[in-house]
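Tertiary structure, described
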Amino acid sequence: MMGMRATSASPLASFNAVNTLDPGAAEDEVARIFCPHRLTPVKRGAPDFHAIHNTARFDGFSVNYVTYGAEVEIDPGRLDRFFLLQIPLSGSADVTCGSVHVAASPDTASLLSPTLPTLMRWHRGCAKLIVLVDRSVVEGHLSALLDRHFDHVEFDASVALGGPAGQAIRAHAMLMQDAANHSVTLPAGTGRLVQRELRNGLVGLLLTGLVHDRSGLLAMPVPAPAPAHVKRVEEFLRAHPDREVSVVELAMIAGVSLRALQDGFRRFRNITMTEAIRDARLAYWRKLLEAPPQGAGVGSLALTAGLNHLGRSAALYYKRYGETPSETLRRNRRTN
């Protein structure tokens, strides 16, 4: 950190982590807080560049204030590990996440999903309040709401702050900033509880108030919870996705008849047992592609995941994750 100018007037000033006039240093230091990315000042020589990043980290999320002073382009690709709610406090930015373009301003925030590629241009004087939420927290909250496991959710990146949901989200984010400022004065146990409740409150607002690819499921009547034998098999498949197992063996693991197990998956998950096994293996294949062993290829990793029909599996992978297995592998070889 290079303390070149006073930052005491900026939000979350007591949590300053980056304060530099050097774009290269800013890229490296912000990468350690968020993720690897390319940071490029638009004007040669970056005459107005001054990066300030204040970050308060808590359990499963962080609250951040970020500004670069000058106009900059930021290319993080896919965020992978977290969601990023960005609320401009001043200035503006152009944000593209997946196929959605957001003209971000104090009236319009952006919400970046970890599985979608992102490209941004922050204009001169842009400053943002940014709330990072770990991917596992959001997906876990959604799984609890719908009583089934989800390994991804993708939001519409544009968040209109003038509507009821947007106003509530902005007010909650500002409350999180205020709570972060006062966190050092609270007893440790109380502080953790307060921050966790604030985190879960924001995640609930995002999932129930904004548009995403699971919104239709949340709009449906609340289903009866899946029976224990269905959940038992789902947990087994997630823990052993590469294991060769028949539906008869799964029925024995579940402790019910095969017919009862098949009926349970049809009624409560709307899939067959074969599809449940396939989905678990696709999710495992993605995990392998996201952290590939040295020299491993798409085909060998598919076999490791128990997927023997590469062409068919690749088509299902693209339908589920919006990118090809090769694209996932290339992206993670660049960043790992």
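So, here is what we can say about the structure in this document. (Residues numbered from 1 in each chain as written. Predicted model: local features only at pLDDT ≥ 70, side-chain atom pairs only at ≥ 80, totals over all residues. Heavy atoms only, no water.)

Digging into the pairing of strand S4 (residues 61-67)
- Within S4, 7 of the 7 residues are buried, which leaves it mostly tucked inside the rest of the structure.
- What you see with S4 is no split at all: Phe61, Val63, Tyr65 and Thr67 on one side and Ser62, Asn64 and Val66 on the other are buried throughout.
- Sheet topology places strand S3 (residues 51-58) next to S4; 7 bridges connect them, and they run antiparallel. Bridge assignment links Ile52 to a residue of S4, and that residue is Thr67.
- Counting the residues in the hairpin turn of S3 and S4 gives 2 residues, including Gly60, whose phi is positive at 85°.
- As judged from the 7 bridges shared by S4 and strand S11 (residues 127-134), these two strands associate in the antiparallel manner. (Buried < 20%, exposed > 50% of the residue type's maximum accessible area, 1.4 Å probe, protein only. Helix = DSSP H or I, 4+ residues; strand = E, 2+ residues; numbered from the N terminus. Pairing = 2+ DSSP bridges.)

What about the layout of surface pockets?
- As a volume, the largest pocket reaches approximately 1,100 Å³.
- What lines the largest pocket is a set of 35 residues, among which His149, Phe150, Asp151, Asp279 and Arg320 lie closest to the centre.
- Of all the secondary structure elements, the ones that give two or more residues to the lining of the largest pocket are helix H2 (135-146), helix H6 (228-239), helix H8 (258-269), helix H9 (273-290) and helix H11 (310-321).
- The dominant element in the lining of the largest pocket, judged by the number of residues it contributes, is H9, at 11 residues.
- In the lining of the largest pocket, the residues fall into 13 nonpolar, 4 polar and 18 charged. (1 Å grid on protein atoms, 1.4 Å probe; cavity = no way out; pocket = protein on both sides within 12 Å on 5 of 7 lines; lining within 4 Å. Points joined across faces, edges and corners; volume = space filled by probe spheres on them. Nonpolar A, V, L, I, M, F, W, Y, C, P; charged D, E, K, R; others polar.)

A closer look at the side chain of Glu139
- Tracing the backbone through its elements, the reader meets Glu139 in helix H2.
- There is a polar contact of 2.6 Å between the side chain of Glu139 and the side chain of Arg135.
- Every residue in contact with Glu139, bar those within four places of it in the chain, is listed here: Phe150, Asp151, His152 and Val153. (Polar contact = N/O pair within 3.5 Å; in protein donor to acceptor, adjacent residues only side chain to side chain. Contact = heavy atoms within 4.5 Å.)

Points about the nonpolar core
- Membership of the largest hydrophobic core comes to 37 residues, with the highest contact counts inside it found for Leu85, Val133, Val138, Phe155 and Leu202.
- Mapped by element, the contributors of at least two residues to this core are S3, S4, strand S6 (82-90), strand S9 (108-112), S11, H2, helix H3 (164-181) and helix H4 (188-209).
- Non-local contacts of Leu202, meaning those with residues more than four positions away in its chain, are made with Leu85, Val131, Val133, Ile169, His172 and Met176.
- Val18, Ala70, Leu79 and Cys126 belong to the second-largest nonpolar core, a separate cluster that totals 30 residues. (Core = buried A, V, L, I, M, F, W, Y, C linked by side-chain atoms within 4.5 Å.)

Some points on the pairing of S3
- For S3, the tally of buried residues reaches 7 of 8 residues, placing the bulk of the element in the interior.
- Of the strand pairs in this sheet, strand S1 (residues 16-20) and S3 are connected by 4 bridges, and their pairing is antiparallel. Of the residues in S3, the one forming a bridge with Asn16 is Asn54.

Quick word on the packing of aromatic side chains
- Applying the stated rule across the entire model yields 7 aromatic pairs.
- An aromatic cluster of at least three residues, connected via ring pairs, comprises Phe49, Tyr68 and Trp122. (Phe/Tyr/Trp six-rings, centres within 6.5 Å; stacked < 30°, edge-to-face > 60°.)

Here's the deal with the environment of Leu288
- Inspection of the secondary structure puts Leu288 in helix H9.
- Leu288 sits in the buried class, given a relative accessible area of 14%.
- Placed 17 residues apart in sequence, Leu288 and Ala305 show a C-alpha to C-alpha distance of 8.1 Å.

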